[in-house]
Amino acid sequence: MIIAADSQALSEGLQALRAQNTTVGLVPTMGNLHQGHLSLIQQASNATDIVVVSIFINPMQFAAHEDLDTYPRTLEADLSALRNVGADIVFTPSSSDIYPHGSNNETAIHVPLLGDALCGKDRPGHFDGVCTVVYKLFQLVKPDVAIFGEKDLQQLLIIKKMTRDLKLPVDVQSGATKRAQDGLALSSRNQYLSENERALAPLLWQTLQHSAEILAASPANDARPILIAARKTLEQAGFSVDYLDLRAISTLSAAHDATQDCALFAAARLGQTRLIDNIQILDT
Ligand code: PAF
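Computed from a prediction, not measured in an experiment: that's the story for all the values here.

Colleague: I would appreciate a short explanation of the overall build of the chain in the present structure.
Modeller: Assigned secondary structure in the chain consists of ten helices and nine strands. Against the 2.2 N^0.38 benchmark of 19 Å for 284 residues, the chain shows a C-alpha radius of gyration of 19 Å, consistent with a compact globule. Across its three principal axes, the chain shows a C-alpha extent of roughly 60 × 40 × 40 Å. Once local pairs closer than 6 in sequence are excluded, the contacts in the chain between residues at least 24 apart make up 72%.

So this is what it looks like as structure tokens:
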């Protein structure tokens, strides 16, 4: 496994491995790898000849008050997990390599509408940071396939749109959300939860599942009472709900019922920890 600590080393590593007709897969991460990331890497290695994993805690997607400084950094453990899963190149650039002019002074990519809703509304600039770094990674790695998790469904939809709009020659694929046995979606931020909060956290997924079942059973019914009841369940248990909405998957515009392709999206806080999750509504 090649560890490339800057973009020069990445380009040399890629040159050494890439032969004619060799396909390259990219899994962008911010490190602190868990089973969710490893399953995306496995998926990439089934789809392409060479797998590049980037580990970069992207300052551009964190607001000043967010957890950039405390975000878990576990490079040694990440590297041994990556050796076991068969990654070919791990790209671990510094911030100045990715943003030579500083992350506040560089051209940013904004995906309108999809990027302004839900988490984009609560975290202004977040998706500009995500899109900008993903675009830069695409330019550096030139992957044939890039894989993103469905847990961040809004991020996935935004990256797909950016790739389409900018005509980037990358096949953006998605990987299913990995969950703990009790249903909580795996996330690096779960480790911020206290013991009590961790015990409560699976209620987010249970509530989404329950609401999705009701919506799927009567798709033409008004979704509002179901959303109100779901929010109440979470708030009564101690969550502070940022949003719990039914949205059309193509546009992320509000859906009043489940007669079109849509998903329930939720972001809710337990103490200082913000959890996000989603569920697509499937016909029963
Ligand atoms: O999902 C993440 O971990 C990040 O947003 C990503 C895609 C690696 C960009 O920094």
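Let's pick the thread back up.
Colleague: Is there a simple way to think about the layout of surface pockets in this case?
Modeller: Picture a little ball the size of a water molecule; that probe, rolled over the atoms, points out where space is still empty. Each pocket or cavity is described by its volume, and for the second largest pocket that value is around 150 Å³. Lining the second largest pocket are 13 residues, and of these Ile-55, Phe-56, Ile-57, Arg-73 and Leu-75 lie nearest its centre.

Colleague: What's the story with the sheet that holds strand β9 (residues 273-280) in this structure? I'm lost.
Modeller: Adjacent strands of a sheet form backbone hydrogen bonds with each other and so pair up, either parallel or antiparallel. In space, the three strands of this open sheet follow the order β7-β8-β9, with antiparallel pairing throughout. Single-partner strands in this sheet number two, and they are β7 (240-248) and β9. Strand-to-strand twist across the sheet, computed as the mean angle between neighbouring axes with direction ignored, equals 10°. Two elements, strand β8 (residues 262-270) and β9, share eight bridges in a ladder whose sense is antiparallel. Pairing of Ala-266 across the sheet is with Asp-277, part of β9. Strands in contact with helix α7 (residues 153-165) are β7, β8 and β9; relative to β8, the strand with the most contacts, it is inclined by about 125°. Docked against the sheet, helix α9 (residues 203-217) engages β7, β8 and β9, running at close to 25° with respect to β9.

Colleague: Is there a simple way to explain the packing of helix α6 (residues 126-141) against α7 in this structure?
Modeller: Each packed pair of helices is defined by two parameters, the angle between the axes and the distance between the axes. Following both chains from N to C, one finds α6 and α7 inclined at 55°, their axes separated by 10 Å at the closest point. Classed by the angle they form, the pair α6 and α7 counts as oblique. Crossing angle aside, the handedness with which α6 passes α7 is right-handed. Every residue of α7 that contacts α6 at Phe-127, Val-130, Cys-131, Val-134, Tyr-135 and Phe-138 is listed here: Gln-154, Gln-155, Ile-158, Ile-159, Met-162 and Thr-163. Residue classes in the contact of α6 with α7 are distributed as nine nonpolar, three polar and no charged.

Colleague: What is the right way to look at the sheet that holds strand β3 (residues 50-55) in this model?
Modeller: As summarised here, the arrangement of the six strands in space is β1-β4-β3-β2-β5-β6, forming an open sheet in which the pairing is parallel. Bordering the open sheet on either side are β1 (2-4) and β6 (171-175), each of which pairs with just one other strand. Each strand axis lies, on average, 25° off the axis of its neighbour in the sheet, ignoring direction. Here five bridges tie strand β5 (residues 145-149) to β6, and the two strands are oriented parallel to one another. Following the sheet pairing, Val-145 is matched in β6 by Asp-171. Set on the sheet, helix α1 (residues 7-17) makes contact with β1, β2 (24-29), β3 and β4 (89-91); between it and β4 the angle comes to about 165°.

Criteria and thresholds
Residues numbered from 1 in each chain as written. Predicted model: local features only at pLDDT ≥ 70, side-chain atom pairs only at ≥ 80, totals over all residues. Heavy atoms only, no water. Helix = DSSP H or I, 4+ residues; strand = E, 2+ residues; numbered from the N terminus. Rg over C-alpha atoms; globule rule 2.2 N^0.38 Å. Contact = heavy atoms within 4.5 Å. 1 Å grid on protein atoms, 1.4 Å probe; cavity = no way out; pocket = protein on both sides within 12 Å on 5 of 7 lines; lining within 4 Å. Points joined across faces, edges and corners; volume = space filled by probe spheres on them. Pairing = 2+ DSSP bridges. Axes fitted to C-alpha atoms, helices over the stretch in contact; angles between N-to-C directions. Parallel < 35°, antiparallel > 145°, perpendicular 65-115°, else oblique. Left-handed = near helix turned anticlockwise from the far one by under 90°. Nonpolar A, V, L, I, M, F, W, Y, C, P; charged D, E, K, R; others polar.

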